[in-house]
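A structural walkthrough
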Amino acid sequence: MIGIFDSGLGGLTILKSLLRELPSYDYIYLGDIARVPYGSRSFDTIYSYTLEAVDFLFKKGCKLIILACNTASAAALRKIQQEYLPVKYPDLRVLGVLIPAAEEAAKMTKNGKIGVIGTEATVKSETLKYELIKQNSNLKVYQSACPLLVPIIEAGEMRWIGLDLILKKYLKPLKEKNVDTLVLGCTHYSVIKKEIAKVMGSKVKIVSEDDIIGFKLKNYLSRHPEMEKKLSKKRKRYYFTTSYSQNFTKVAKIFLKMEADFNIVKL
Ligand code: DGL
């Protein structure tokens with residue numbers, strides 16, 4: 001079983017990418033809707049919430065977990081990999097979404113100027129910036145935090161007229177720096193990538209994690225047969241959230257492009 005975790009529903013875009021590339025595996029999705037958004041919370045809080053989610057998914061039988069959340073990947077992944085797993089689950093793995101995005105962006109840029117957008121916590125952590133510069137130390141990375149986007153997207157207001165104004169405000173400083181590549185450092189943003197691309201202009205390439213995580217995981221599993229062997233393949237899909245929300249079935253369908261039957265769970 002492969003576990004997919006996000007603070008809300010945005011991680012469903014990553015699950016969709018995995019179902020496309022690796023359909024035969026079993027998946028459990030967990031969205032912490034009761035506590036979304038994580039992006040404006042402290043690193044300690046994000047770490048403890050993420051740890052609860054990881055524990056839940058391992059107890060459900062996952063052997064591999066993808067943190068389909070840049071905020072959790074930025075604030076918690078390294079500590080989980082280095083301190084928590086070796087002690088509690090030495091044979092199990094937790095992977096994030098930042099390094100695959102950084103690898104793709106570093107390959108795509110021509111002028112070496114890369115923009116990053118994400119939640120306040122992701123931007124403040126500078127983890128994506130660090131991962132990009134690790135790919136190529138000559139890169140110039142410019143970041144912009146976009147705190148209003150996750151609540152708008154979780155509310156299903158992707159076609160709201162005000163979104164364009166908000167995007168123009170958040171993206172202006174990156175356009176002024178002449179970036180030729182923009183990393184969508186939040187899984188929610190992939191559902192508005194067309195709107196973002198329109199504001200950035202046709203010369204800017206957009207790196208959206210829902211386009212890359214599927215083939216990156218496929219590649220990871222081919223390099224790690226010991227993990228691949230542990231994963232069950234009965235095409236089962238389970239969906240959990242930590243709270244009921246008025247419109248989540250509607251929003252989930254937009255993200256996943258199919259119906260999903262959610263169970264409510266307490267972490
Ligand atoms: N999808 C999460 C991310 O990729 C949203 C973060 C939040 O809950 O603020 O960062």
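Refer to the structure above for everything that follows.
Let me begin by describing the structure that accompanies this report. Predicted model only: the values in this text are computed from it and were never measured. Every chain is numbered on its own, with residues counted from 1 as its sequence reads. A pLDDT threshold of at least 70 governs which residues receive local features in this predicted model, and a stricter bar of 80 or more applies before side-chain atom pairs are shown or counted, although totals over entire chains, interfaces and linings include all residues. To get the side-chain values, take all heavy atoms of the structure and skip hydrogens and water.

**What about the side chain of Glu 131?**
What counts here: Secondary structure elements follow DSSP: runs of H or I of four or more residues count as helices, runs of E of two or more count as strands, with numbering from the N terminus. Remark: exposure states derive from per-residue accessible area (1.4 Å probe, protein chains only) relative to the maximum for the residue type, with buried under 20%, exposed over 50%, and partly exposed in between. It only takes one pair of heavy atoms within 4.5 Å for two residues to be counted as in contact.
Mapped onto the secondary structure, Glu 131 falls in helix H6 (residues 127-135). On the basis of relative accessible area, Glu 131 is assigned to the buried category, the value being 4%. Here Glu 131 is in contact with Arg 78, Ile 99 and Ala 102, once residues within four sequence places are set aside.

**Focus on helix H4 (residues 98-108)**
All of the buried residues in H4 are Leu 98, Pro 100, Ala 101, Ala 102, Glu 104, Ala 105 and Ala 106. As for H4, its buried residues are in contact with helix H3 (70-88), strand S5 (113-118), H6, strand S7 (181-185), strand S8 (205-208) and helix H10 (209-223).

**Re the sheet that holds strand S6 (residues 140-145)**
Using the following cut-off: At least two DSSP bridges between two strands are needed for those strands to be called paired. Axis definition: a line fitted to C-alpha atoms, over the contacting stretch in the case of helices. Angles run 0 to 180 degrees between N-to-C directions.
Read across the open sheet, the four strands follow the order S6-S5-S7-S8; overall the sheet is parallel. Of all the strands in the sheet, just S6 and S8 have a single pairing partner and so form its edges. The average angle at which neighbouring strand axes cross in this sheet is 20 degrees, direction not considered. As paired strands, S5 and S7 are joined by five bridges and run parallel to one another. Among the inter-strand pairings, Gly 115 is bridged to a residue of S7, identified as Leu 182. Across the face of the sheet, helix H8 (residues 162-176) comes into contact with S5, S6 and S7 while running at roughly 165 degrees to S6. Sitting on the sheet, H10 touches S7 and S8, and the angle it makes with S8 is about 55 degrees.

**Comments concerning H10**
The line we're drawing: Helix span, expected: 1.5 Å multiplied by one less than the number of residues in the helix.
The end-to-end C-alpha separation of H10 is 20 Å, in line with the 21 Å expected for 15 residues at 1.5 Å each. All of the buried residues in H10 are Glu 209, Asp 210, Ile 212, Ile 213, Gly 214, Lys 216, Leu 217, Tyr 220 and Leu 221.

**Quick look at the sheet that holds strand S3 (residues 64-67)**
Spatial strand order, S4-S3-S1-S2-S9-S10: six strands in an open sheet with parallel pairing. Across the chains shown, the open sheet's two edge strands, defined by having one partner strand only, are strand S4 (93-95) and strand S10 (262-264). Geometrically, the sheet is characterised by an average inter-axis angle of 25 degrees between neighbouring strands, direction not taken into account. Alignment of strand S2 (residues 27-31) against strand S9 (residues 237-241), held across five bridges, turns out to be parallel. Across the sheet, the residue bridging to Gly 31 is Thr 241, located in S9.

**A closer look at the nonpolar core**
Going by this rule: The set of buried Ala, Val, Leu, Ile, Met, Phe, Trp, Tyr and Cys residues whose side-chain atoms join them within 4.5 Å is what this entry labels a nonpolar core.
One finds Leu 12, Leu 149, Leu 182, Tyr 189, Ile 196 and Leu 217 to be the most contacted residues of the largest nonpolar core, which totals 73 residues. When residues of this core are assigned to their parent elements, the largest contribution, six residues, is made by H8. If sequence neighbours within four positions are ignored, Ile 196 has contacts with Ile 117, Leu 167, Leu 171, Leu 182, Leu 184, Tyr 189 and Ile 206. Formed by 31 residues, the second largest nonpolar core is a distinct cluster that contains Phe 56, Tyr 84, Leu 85 and Val 94.

**Focus on the pairing of S8**
The criterion, for reference: Handedness of a crossover is defined as follows: with both strands directed away from the viewer, a clockwise route from the first strand across the helix to the second makes it right-handed.
Pairing geometry for S7 and S8, over four bridges, is parallel. Its bridge partner being in S8, Leu 184 is matched across the sheet by Ser 208. With helix H9 (residues 193-200) bridging S7 and its parallel neighbour S8, the resulting β-α-β unit is right-handed.

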